[in-house]
Structure formats: structure tokens, C-alpha cells
Amino acid sequence: MSKMEELLRQQEQIAVAIEAEVVRARDEAARGAAQGQYEMAVLMHFARGVPKNYPEAMKLYKLAAAQGHTGAQLNLGLMFENAQGASEDFVQALNWYKQAATHGNGEAQWRLGMLCEEGKGAKQDFQAAMQCYKMAAAHGLAEAQVAIGLMYENHPGVERDYAKAADWYKQAAAQGHMEAQTRLGQIYERGVDIKQDFAQAMHWFRSAADAGYTTAQLHVGLLYEHGQGVKEDVHEALRWFKLAASKGNADARTKMGFMYSNGRGVKQDYHQAMDWYRLAAEKDHAGALSNLGFMYEHGQGVEEDESRALSYYARAAKKGDAYAIKNRDVLMAHRAEHEAREAALEAHKAALEAHKPTK
């Protein structure tokens, strides 16, 4: 049997299995079984073997939810939160999540926590959010463990504690959660509240980077560039930057521009640098905008253009980029000084002309 014939046979088997699932779920739902109603609703909700039909999915979810099916209650919350089959309604979403959460549904507890944290459907309540996240985390839900880590790391309603954040990230990281692995690497990289450990940082960055997480790929590159936790290797750094940049990471694209602009790991090439900075600037990256301003100001890879330089500096300055603010102010001062000298020269010429003898 050829590979194509084998592929077709597998696809046929999958189609038959899906059809059997649809028939079974439809029969179970018709008999009023909560699980059958839920499964048929899921098929309609996510268009698995049947056309997508939000209104019918919602009806079936409600029938199953009335019988206490927590998965149906959870998915009703999702539909109201995401305006699927009904208008966006955070109050309804919160109420359905509460029902499922009360019966121990971990995902519902996590999603309820997010609504409490963001103040959607009810008054913002950070303590309630943390309580919900911890209940979900007790089920081993990695997303909830990350949410707790984030609250300890940088949330205004919780006292900052990077050591506690790291503990929660470790739990999610051990499950292969790429954001958790990356954030754990960043905490080891910074060394605040825990001992700085570049080797540990590299370990966690590589775990996420090898799985394709672009932020982690960027940080692997940074560690190679500066020889932290590994032997310095700008060529290896460039390889990781390019990998992340090719997937749209604006920080990595900016770093690629820097590497070409300064000849780090590659031959200096201002035109290539401009190309990478422009790609990052499409995402309004402050550093890229600032560097574009510098290159236009000094005519690197482009014709010198102070007006365009100021335009880029102004865009970056709005984002709080200190480098852009300084360069904008210096350039504007130089231009004002130049214009003042020109005006004084013209005034002097005019005065000389006015006192020039007529005969």
C-alpha cells in the first residue's frame, strides 16, 4: 500500500469514527442524557463532524447544565464570555463559571478567577481571583499556576514576591507550560528574591525555545550574546534571534537590526539593519522606532533626513523610550540653534543691505 493510499485509509477511518460519535451523541441527547446533550453541544459548538451551530449548542448545554453537568456549565460561560450564540454577557459568564466552579471544575475556577481579577461581571476583586486560581491550581491546572505566579510577580493588588512566583511557575513549567518555563527563566536571569543562576535560566529558556516559544528563543540568544550561563557566541546568538524574528517577535527583530547595525556576528550592513527595524516598527516597537530615528538622523543605510528622524523619535518617545526622548530633545535643540543662527545671519544681511550706499 502506497503512502497516499495509507493516508486516505486513515482519513476514512477518522471520518467513520466521527460519524459514529455524532450518531451516538445525537441518540443520547434525544433520550435526555446529560452527557449526550453535552457531547452533541460540543460537536455543534466547535463544528466537529457537524456544521457549527451556536444557538443549538447553547440549548443543549443548558439542558445538560440543568442536570448539573459541569462541562456544560463551563462551556455556557465560555459562550457568554465570547459572544457565541448570544451577546457578550460577563454577568452570565460569571454565573455559569460559578456553578461549575462550585462543583470542582478546575477550568471554571481559573476562568472565574480571571473575571474577578479583571472586574468583568462583578466588582474587581484580587483576593477572590487569587482564591479561585489556587482552587484551580490544586487540580494541577497549569494556566492557574501561571496566573498565581503572575500575580506575585507584577500585580498591583498583591505584594510582589519573585520567590513565590518562581515556585508557582515551576509547577506549571514541569508540565511543559512554555510561558511558565520562560518566566521562570527570567526570574533566574534577574536574580531578584532568589539567587541569580544563568545556567538555570538557560535550562528553562531552552525548554520553551526548543518547543518554539519565541520569547524564550530571544532570551537564549541574549544569554549566548553576553556569555551568561554559556560560552559567549554571537553567531549562536544571531541564530536564535533570527529564529524568533522569523516568527514575528518584535524584540527579536529589533535585536537583528542591532546585530547588523553594529556588525555583531555578521558583516555590518545598515540596509539589513533598516529592514529588520522596519519590520519591528510595524508592531510599534519603541526600540525599533528609536533606532530608525537614529539611522535617519545620521544617514545610516538611508539618506540623512532629520524630519523623519524626529518623527520616529516622537513615536518612540510616546512609548516612554528614554533614548528616543534624549535624542529627540538634542536634535530639536540643534535644529532650533541652527535656525536661530540662520535667522540672525539673514537679519545681519538685511541690515547691511539697508545701510548700503545708494551711490
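Since the structure is predicted, the reported quantities are computational estimates derived from the model, not experimental observations.

The rules we used
- Residues numbered from 1 in each chain as written.
- Predicted model: local features only at pLDDT ≥ 70, side-chain atom pairs only at ≥ 80, totals over all residues.
- Heavy atoms only, no water.
- Phe/Tyr/Trp six-rings, centres within 6.5 Å; stacked < 30°, edge-to-face > 60°.
- Helix = DSSP H or I, 4+ residues; strand = E, 2+ residues; numbered from the N terminus.
- Expected span 1.5 Å × (residues − 1).
- Buried < 20%, exposed > 50% of the residue type's maximum accessible area, 1.4 Å probe, protein only.
- Contact = heavy atoms within 4.5 Å.
- Polar contact = N/O pair within 3.5 Å; in protein donor to acceptor, adjacent residues only side chain to side chain.
- Salt bridge = Lys/Arg side-chain N within 4 Å of Asp/Glu carboxyl O.
- Core = buried A, V, L, I, M, F, W, Y, C linked by side-chain atoms within 4.5 Å.

1. Comments concerning the packing of aromatic side chains
Under the defined criterion, the tally for this structure stands at three aromatic pairs. When the ring of Tyr38 is compared with that of Tyr61, the centres are 6.2 Å apart and the planes differ by 45°; the resulting orientation is tilted. Of the two residues, Tyr38 is situated in helix H2 (residues 34–45) and Tyr61 in helix H3 (residues 54–66); the sequence distance between them amounts to 23 residues.

2. Considering helix H15 (residues 270–281)
The end-to-end C-alpha distance of H15, which contains 12 residues, comes to 16 Å, matching closely the 16 Å that a straight helix rising 1.5 Å per residue would cover. Burial in H15 covers these residues: Ala273, Met274, Trp276, Tyr277, Ala280 and Ala281. Taken together, the buried residues of H15 touch helix H13 (234–246), helix H14 (250–262), helix H16 (286–298) and helix H17 (306–318). Capping of H15 at its N-terminal end is provided by Asp269; its side-chain oxygen lies 3.1 Å from the backbone amide nitrogen of His271.

3. Side note on the pattern of salt bridges
Scanning the model with the defined rule gives 14 salt bridges in all. Between Glu153 and Arg190 there is a salt bridge, with the nearest N and O atoms lying 2.9 Å from each other. Here the residue Glu153 occupies a position in helix H8 (residues 142–154), and Arg190 occupies one in helix H10 (residues 178–190), the gap between them amounting to 37 residues. A salt bridge links Asp210 to Arg206, with the shortest nitrogen-to-oxygen separation between them at 3.3 Å.

4. Points about the environment of Ala209
Looking at the secondary structure, you find Ala209 in helix H11 (residues 198–210). According to the relative accessible area criterion, Ala209 is buried, its value standing at 3%. Between the C-alpha atom of Ala209 and that of Thr182, which follows or precedes it by 27 residues, the distance is 8.4 Å. Residues within four places of Ala209 in sequence aside, it is in contact with Ala216, Gln217, Val220 and Trp240.

5. Some points on unusual backbone geometry
The phi angle at Ala83 is positive, at roughly 55°, despite the residue not being glycine. For Asp284, which is not glycine, the phi torsion reads 60° and is therefore positive. According to the relative accessible area criterion, Asp284 is partly exposed, its value standing at 33%.

6. Thoughts on the nonpolar core
With 102 residues, the main nonpolar core has Met40, Tyr61 and Tyr133 as its most contacted residues. The residues touching Tyr61, leaving out its near neighbours within four places in the chain, are Tyr38, Ala41, Val42, His45, Phe46, Ala72, Asn75, Leu76 and Met79.

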